[in-house]
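Chain residues, written in single-letter form:
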Amino acid sequence: AIRERGTLAVSIRDDGVGLPEAFCVERCAGVGLRNVRARLGQLYPGGHQFEVAAAQSGGAAVSLQIPLAFEEPMYVGA
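All values reported here derive from a predicted model rather than from experimental measurement.

Okay, the nonpolar core next. If you look at the biggest cluster of nonpolar residues, it comprises seven residues: Phe-23, Val-25, Ala-29, Leu-40, Phe-50, Val-52 and Ile-66. Apart from the residues lying within four places of it in its own chain, the contact partners of Ala-29 are Phe-23, Cys-24 and Arg-34.

Structure below.
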């Protein structure tokens, strides 16, 4: 995970069996990936990226970018 031009960029890769050759997140994703896509769309409409693809050296790679925003800390008195 890195900060990149006002966003948080996260990349995850595994070295498992990989994805089917015709894998497409829109049509082939399971419940978990569909839920992640839907939640990102609700939280960051038009302001996020989410990609799932076959990794070049085998396995799968997932990357996402979301806007990076920090909330102002709240003072809590004693």
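The predicted model of the protein chain has a mean per-residue pLDDT of 85, with 90% of residues at 70 or higher. Confidence, expressed as mean pLDDT per element, reaches its minimum in the protein chain at helix H1 (residues 25-28) with 73 and its maximum at strand E2 (residues 7-13) with 94.

The subject of this paragraph is the sheet that holds strand E4 (residues 60-67). A sheet is described by the order of its strands in space; here four strands give the open sequence E1-E2-E4-E3, paired in antiparallel fashion. In this open sheet, the two strands that pair with only one neighbour each are strand E1 (2-4) and strand E3 (49-54). Taking the axes of each pair of neighbouring strands and ignoring which way they run, one obtains an average angle of 20° across the sheet. Pairing of E1 with E2, which is carried by three bridges, proceeds in the antiparallel orientation. Along E2, the bridge assignment pairs Ile-2 with Ala-9. Packing of helix H2 (residues 31-43) onto the sheet brings it into contact with E3 and E4, and relative to E3 it is tilted by some 155°.

Another aspect to go through is the pairing of E3. Of the strand pairs in this sheet, E3 and E4 are connected by six bridges, and their pairing is antiparallel. Bridged to Glu-51 within E4 is Ser-63.

It is worth spelling out the environment of Gly-46 at this point. The topology assignment puts Gly-46 in the loop between H2 and E3. With a relative accessible area of 84%, Gly-46 lands in the exposed category. In sequence terms Gly-46 and Ile-66 are 20 residues apart; their C-alpha atoms lie 10.0 Å from each other.

Turning our eyes to something else, we now look at the pairing of E4. For a regular strand, the rule is simple: side chains alternate between the two faces of the sheet. Sheet topology note: the E2/E4 ladder contains seven bridges and is antiparallel. Its bridge partner lying in E4, Ser-11 is registered against Ser-63. Joining the antiparallel neighbours E3 and E4 is a turn of five residues, in which Gly-58 adopts a positive phi near 100°.

On to unusual backbone geometry. Not every positive phi belongs to a glycine, and Arg-5 is a case in point at roughly 45°. Among the structural elements, Arg-5 can be located in the loop between E1 and E2.

Definitions and cut-offs
Numbers given to residues run from 1 along each chain, matching the order in which its sequence is written. Totals for whole chains, interfaces and linings use all residues, but because this is a predicted model, local features are given only for residues with pLDDT of at least 70 and pairs of side-chain atoms are given and counted only at 80 or more. Only hydrogens and water are set aside; all other atoms, that is, all heavy atoms of the structure, feed into the side-chain values. Take the buried Ala, Val, Leu, Ile, Met, Phe, Trp, Tyr and Cys residues and link them wherever side-chain atoms come within 4.5 Å; each set so joined is a nonpolar core. We call a residue buried when its accessible area falls under 20% of the maximum for its residue type, exposed when it is over 50%, and partly exposed in between, using a 1.4 Å probe and counting protein chains only. Note on contacts: a residue pair qualifies if any of its non-hydrogen atoms lie within 4.5 Å across the two residues. You can read pLDDT as the predictor saying how much it trusts each residue, on a scale of 0 to 100. Going along the chain from the N terminus, every DSSP run of H or I of four or more residues is numbered as a helix, and every run of E of two or more is numbered as a strand. We call two strands paired when DSSP finds no fewer than two bridges between them. Helix axes are fitted to C-alpha atoms over the stretch in contact, other axes to C-alpha atoms as well, and angles between N-to-C directions run from 0 to 180 degrees.

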